[in-house]
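Architecture and fold: a report
Here are the chains, one letter per residue:
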Amino acid sequence: MTKYELKRTLLDVFFPNRCPVCNKVIGRMDYICKECGEEFEYSYTAQKFCTGRLLCVCRYDDKSSRIVLGAKRNRDGSKLSFMAYTLMKCITQHYDTLPDVLVPVPMYSSDKRKKGYSHTEKICAELSELTGIPVVKAVEKIRRTKEQKSLKRKDRLDNLKGSFALSDAKALSGKHILVVDDVSTTGATLEEVFRTLLPSECDAVDFAVFARTVNKNDKNKENA
Ligand SMILES: [Zn+2]
């Protein structure tokens, strides 16, 4: 049994593993129940973004939003695991040589303290266990920004300008970076993180998100 399997087995004793969509109890090494798995629409797309690519597991829809919002509001291990596992599938399908480091899109420190965790860091930690790619928390969020959902694209970019800082440029020098986030709507957050990473003299920057909002008028959008 691998260390990862052992962790899932132990966790399952205290918090029975559940389907991230319908909440039914599932096997300790499963990620989704059979019925929801058959209905879930994986897209596993890769599109050009900034100077690299943006990989995406699925569209932000009724089912995937339940997973995203659940993981964001409560520390729901089954939902976080599902996102990490499907991101691993997406990433390993796409690359012959995996990126060197995972960089989570950060939360503002006092927001993280208040919540007790960062869902993106949790996803990255598990994604790292699954892929062997180390996590480098090289970007910090240095000020709180307005809720993005009420803002237009240009205002989103202004709202985010200068809100991130590079805290560990050395760790990224010459590296192929994969920036990871749960959701992308307009891509404004990812663009700002990209700008923040540039002085690190990294080799390449790609992005991976669990869900991407496709319809601009989607009422469910909650992130940039
Ligand atoms: Zn289910």
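Residues numbered from 1 in each chain as written. Predicted model: local features only at pLDDT ≥ 70, side-chain atom pairs only at ≥ 80, totals over all residues. Heavy atoms only, no water.

**Focus on the coordination of the zinc ion**
The zinc ion binds to the protein through Cys19 (SG), Cys22 (SG), Cys33 (SG) and Cys36 (SG); the donor distances cover 2.3 Å. With 4 donor atoms in place around the zinc ion and angles of 100 to 113 degrees between them, the coordination shape is tetrahedral. Read in sequence order, the donor residues coordinating the zinc ion give the pattern C-x2-C-x10-C-x2-C. Taken together, the positions of cysteine 19 in the loop between helix 1 (3-14) and helix 2 (34-39) and cysteine 33 in the loop between helix 1 and helix 2 put the pair 14 residues apart, joining distant regions of the chain. The pair formed by cysteine 19 and cysteine 33 is uniform in burial state, with each residue classed as buried. (Donors = N, O, S within 2.8 Å, 3.2 Å for Na, K, Ca; no water. Tetrahedral: all angles 85-135°; square planar, octahedral: opposite > 155°, others 65-115°. Helix = DSSP H or I, 4+ residues; strand = E, 2+ residues; numbered from the N terminus. Buried < 20%, exposed > 50% of the residue type's maximum accessible area, 1.4 Å probe, protein only.)

**Thoughts on the side chain of threonine 86**
Within the secondary structure layout, threonine 86 lies in helix 4 (residues 77-94). A relative accessible area of 1% places threonine 86 in the buried class. Among the polar contacts listed, one links the side chain of threonine 86 to the backbone oxygen of phenylalanine 82, at a separation of 2.8 Å. Non-local contacts of threonine 86, meaning those with residues more than four positions away in its chain, are made with Tyr42, Tyr44, Val57 and Phe210. (Polar contact = N/O pair within 3.5 Å; in protein donor to acceptor, adjacent residues only side chain to side chain. Contact = heavy atoms within 4.5 Å.)

**Comments concerning the packing of aromatic side chains**
Evaluation of the coordinates by the stated rule reveals 9 aromatic pairs. Note on tyrosine 42 and phenylalanine 82: the rings are 6.4 Å apart at their centroids and 45 degrees apart in plane angle, and the pair reads as tilted. One end of the pair, tyrosine 42, is in strand 1 (residues 42-49); the other, phenylalanine 82, is in helix 4, and 40 residues separate them in sequence. Grouping aromatic residues by their ring pairs yields a cluster made of Phe40, Tyr42, Tyr44, Phe82 and Phe210. Above the face of the tyrosine 117 ring, lysine 115 is positioned so that its terminal group lies 4.7 Å from the ring centre. (Phe/Tyr/Trp six-rings, centres within 6.5 Å; stacked < 30°, edge-to-face > 60°. Lys NZ or Arg CZ within 6 Å of the ring centre and 35° of its normal.)

**Observations concerning the domain arrangement of the protein chain**
In terms of domains, the protein chain is made up of domain 1 (1-40) and domain 2 (42-212). Relative to domain 2, the C-alpha centre of domain 1 lies at a distance of 23 Å. Listed by partner, the interface residues are 13 residues for domain 1 and 15 residues for domain 2. Buried surface at the junction of domain 1 and domain 2, summed over both partners, amounts to about 1,400 Å²; 63% is from carbon and sulfur atoms. If you sort the residues of domain 1 by the area they bury against domain 2, Pro20, Tyr31 and Phe40 come out on top, with a joint share of 49%. Linking domain 1 to domain 2 there are 3 salt bridges. With a closest N to O distance of 3.4 Å, glutamate 126 and arginine 8 form a salt bridge. Between domain 1 and domain 2 we count 9 residue pairs in polar contact (both at pLDDT 80 or more) in total. For the side of domain 1 that touches domain 2, the secondary structure elements donating two or more residues are helix 1 and helix 2. Broken down by element, the side of domain 1 that touches domain 2 gets its largest block of residues, 3 residues, from helix 1. For the side of domain 1 that touches domain 2, the residue count by class is 6 nonpolar, 3 polar and 4 charged. (Domains from an automatic or database assignment. Buried area = accessible area lost by both parts, 1.4 Å probe. Salt bridge = Lys/Arg side-chain N within 4 Å of Asp/Glu carboxyl O. Nonpolar A, V, L, I, M, F, W, Y, C, P; charged D, E, K, R; others polar.)

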